[in-house]
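Below, each chain spelled out in residue letters.
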Amino acid sequence: MKSSENCSVDPATVEMLKHAQSQDISLVWDRYEAMQPQCGFGSLGVCCRNCTMGPCRIDPFGDGAQEGVCGATADIIAARNLARMIACGSSAHSDHARTVAESLLLAAEGSDYIVKDVRKLRTLAEEWDIETAERSTEDIAHDVAEAALGQFGQQRGELRFTARAPEETQQVWRDAGVMPRGIDREMVDLMHRTHVGGDSDYKSIMKSGIRAALADGWGGSMIATELQDILFKTPMWLRSRTNLGVLKRDQVNIVVHGHEPVLSEMLVAATQDKELIALAKSVGAKGIALSGICCTANEILMRHGIPVAGNFLQQELAITTGAIESMVVDIQCVLPALGKLVDKYHTKLISTSTKANFPNSEHIDFHETDALNIAKQIVRKSIENFPNRDKSRVMIPDISSPLIAGFSAENIFTFLGGRYRPSYRPLNDAIITGRLRGAAAVVGCNNPRHQHDSGHLGITKELLANDVLVLTTGCTAIADAKAGLLCPEAAEKYAGKGLQEICRAVGIPPVLHMGACVDISRVLVILSNIIAEGGLGTRLSDIPAAAAAPEWMSEKAVAIGFYAVASGCYTVLGEPLPILGAPKLTECLADEIEETFGGKFAVESDPIEAAHLIIDHIDRKRTDLHLSGPMYDVPYAPKVSTEAKAAG
Ligand code: BF8
């Protein structure tokens, strides 16, 4: 394996990697190295396994086969493969949303779930033309939940939340034939047309892919965010800590990992139960310490300030601390390798979702109808496991960082708009005057191809230095938090003068943590609100803003990338989409697509170069809006080149 320092820039990760090596424990980095060289056909997207006449592969740069047995070319094969990635990613977000909608229905009918944000419930009901006058919270919640569930099976029309986009952006989608009808319908449409002998036009396949991705961003993901806020409350800024150092040497450590807060919210409640705390003390622990990994960690951080133990590439390292009584997992981004790893420790791997079983895990089926009891059962099991901890093997790095999280489309109003003037006006004015050059959403995963966290931190710091406000979610947010970027003091250290002035005036960090990956939908709402406020164009694509996913790896990230681009966002990836063996498709996504949607993909693995692609794009948008340049000189001169690097 590479040296620990080459694997990660995070000191806690480096320390634990050395520890794991000394114990001869193999981790994701070792498996990545053992997998080299990886299949070139797969990387280029030109391997097709969609029928048993194949598998077929195209030789994109040589004299080998240029078409599969059925006659599919590289562009058709790569488009179908990519479409299936979008379908899976969009389905993951959307099926999560379905669970939340079902939980809201349970809250309406009386269960362990209750509506915690009645104001948001009523606001959404009014937005959806659901009667609110003289009706109980439960009745309104029932109708909102049914309406949300209706979005999945809707056969005709337009998804409700697409009406939040500026009218001109909606018209772009209608004209392009990509306005999503129903969430499930778009996924089935996409899977259907990628069957052998199905849609054989890469542009038409991509059109359906974009429709499915929009059904994620403006459908599944947005439903998940909105209904989670209604059920568990809209986040409000709060302080917490992150990194493996949040694990407690003298307490029962329970780590939640996965994505659905319907489980982790109940664990928050169960770990505060007095009887269970007494039980923990009776086995020699000082208490119960709950923390999280990945997006479910972000969910309970945003609403309760529960500390985050780490991001995607730290899940195995958390177990190697020897201090975790149970890792409680639900869905998505959970490495099956955890099963083998927990065998070496006392840690219990507890799976909870009927949709995701794992080797060597103990399965406790989580039913929303009996949520709190099941959560208590999990906590009890964890406590009972505390005496099995081998104290001589415990190794918790003494490293954690403070952070501020809890930003939303609603409270960014009061932050950037001022407490007494809830409006996006000051935010728009800051961009118009050039005090803020623009905004960027930097989001996404970790990937062992990249030095852990280095892409996130490199691009983010460079954007801050150039007066670009950064919004973040998912594993990027955790990376930023570990590096201290989610503290107001980070503005003094990293931000340009204009961004510093804003952060100082309103007391915010220069990087705003918006939540889990489904909460990228909050960014869509913020951008729509910016257009509604006026002065920065009429389409989402007019705003001096962009997106980046420096270390992405998951199919959910592909879906997000596509709904971002289709929503007019210039999107810079640190890792190429698996399409580079398909020249026409590559050209389409790196260039032609911009003419229709105003957004396109670029690929740049160097984080500083990637930041400058974004800054150049922001400057072009400022010029198009006849805005002046940035208010202050910045330490790094913008690059002269205005040509984005194409995905090829
Ligand atoms: O949904 S950022 S590694 S945890 S996929 Fe997974 Fe990627 Fe992390 Fe959350 Ni998002």
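Here is what the cut-offs are and how they apply
- Residues numbered from 1 in each chain as written.
- Predicted model: local features only at pLDDT ≥ 70, side-chain atom pairs only at ≥ 80, totals over all residues.
- Heavy atoms only, no water.
- Near = heavy atom within 4 Å.
- Polar contact = N/O pair within 3.5 Å; in protein donor to acceptor, adjacent residues only side chain to side chain.
- 1 Å grid on protein atoms, 1.4 Å probe; cavity = no way out; pocket = protein on both sides within 12 Å on 5 of 7 lines; lining within 4 Å.
- Sits in = over half its atoms within 2 Å of the grid points.
- Nonpolar A, V, L, I, M, F, W, Y, C, P; charged D, E, K, R; others polar.
- Points joined across faces, edges and corners; volume = space filled by probe spheres on them.
- Helix = DSSP H or I, 4+ residues; strand = E, 2+ residues; numbered from the N terminus.
- Buried < 20%, exposed > 50% of the residue type's maximum accessible area, 1.4 Å probe, protein only.
- Pairing = 2+ DSSP bridges.
- Contact = heavy atoms within 4.5 Å.
- Lys, Arg positive; Asp, Glu negative; His and termini not counted.
- Salt bridge = Lys/Arg side-chain N within 4 Å of Asp/Glu carboxyl O.

Caption draft 1: View of the site of the ligand. Every residue close to the ligand is listed here: His259, Cys294, Cys295, Phe312, Cys333, Gly444, Cys445, Cys475, Cys517, Met553, Ser554 and Lys556. Within the side chain of His259, one N or O atom sits 2.8 Å away from an oxygen atom of the ligand. One of the side-chain nitrogen or oxygen atoms of Lys556 is found 2.9 Å away from an oxygen atom of the ligand. When atoms are counted within 2 Å of each cavity's grid points, the one that captures over half of the ligand is the second largest cavity. Residue composition of the shell around the ligand, grouped by class: eight nonpolar, three polar and one charged.

Caption draft 2: Quick look at empty space enclosed by the protein. Applying the stated criterion across every chain, the model contains five cavities of 30 Å³ or more. What the largest cavity holds in volume is close to 360 Å³. Forming the walls of the largest cavity are 34 residues, and the residues nearest its centre are Ala441, Val523, Ala546, Ala547 and Cys569. Among the elements of the structure, helix 18 (425-433), strand 11 (438-442), strand 12 (468-472), helix 23 (520-533), strand 14 (545-549), helix 24 (555-566) and strand 15 (570-573) are those that each provide at least two residues to the lining of the largest cavity.

Caption draft 3: Up close: the pairing of strand 10 (residues 401-405). For strand 10, a buried count of four out of five residues is recorded, marking the element as mostly surrounded by other parts of the structure. Two elements, strand 3 (residues 238-242) and strand 10, share five bridges in a ladder whose sense is antiparallel. Within strand 10, the position partnered with Thr242 by the bridge is Ser401.

Caption draft 4: The environment of Ala582, seen in detail. If you trace the backbone, Ala582 turns up in the loop between strand 15 and helix 25 (583-597). On the basis of relative accessibility, which here comes to 0%, the residue Ala582 falls in the buried class. Counting along the chain gives 506 residues from Ala582 to Ile76, while the straight-line C-alpha distance between them is 8.1 Å. Look past the residues within four positions of Ala582 in its chain and what remains in contact with it is Leu44, Val46, Ala74, Asp75 and Ala78.

Caption draft 5: Layout of unusual backbone geometry. The residue after Gln36, namely Pro37, is reached through a cis peptide bond having omega -10°. When you line up the elements, Pro37 lands in the loop between helix 3 (28-34) and helix 4 (40-44). Omega for the bond connecting Gly54 with Pro55 falls within 30 degrees of zero, at 10°, which places this linkage in the cis form. Within the fold, Pro55 resides in the loop between strand 1 (47-48) and strand 2 (56-57). With a phi angle near 60°, Asp129 is a residue other than glycine that sits in the positive phi range. Locating Asp129 in the fold gives a position in the loop between helix 6 (118-127) and helix 7 (137-153). Phi at Cys333 is positive, roughly 65°, even though this residue is not glycine.

Caption draft 6: Expanded view of the side chain of Asp117. You can see Asp117 is positioned in the loop between helix 5 (74-109) and helix 6. The side chain of Asp117 is buried and forms no salt bridge, while Arg119, the nearest opposite charge, is found at 5.6 Å. Within the structure, the side chain of Asp117 is placed 3.0 Å from the backbone nitrogen of Lys120, a separation counted as a polar contact. Every residue in contact with Asp117, bar those within four places of it in the chain, is listed here: Asp229, Ile230, Lys233 and Thr234.

Caption draft 7: A look at the pairing of strand 8 (residues 348-351). Direction of pairing for strand 7 (residues 326-329) relative to strand 8: parallel, over a ladder of four bridges. Its bridge partner being in strand 8, Val328 is matched across the sheet by Ile350. Across two bridges, the pairing between strand 8 and strand 9 (residues 362-363) is parallel. From the neighbouring strand, Ile350 faces strand 9, where its bridge partner is Glu362.

Function cannot be read off these values alone, since they describe shape.
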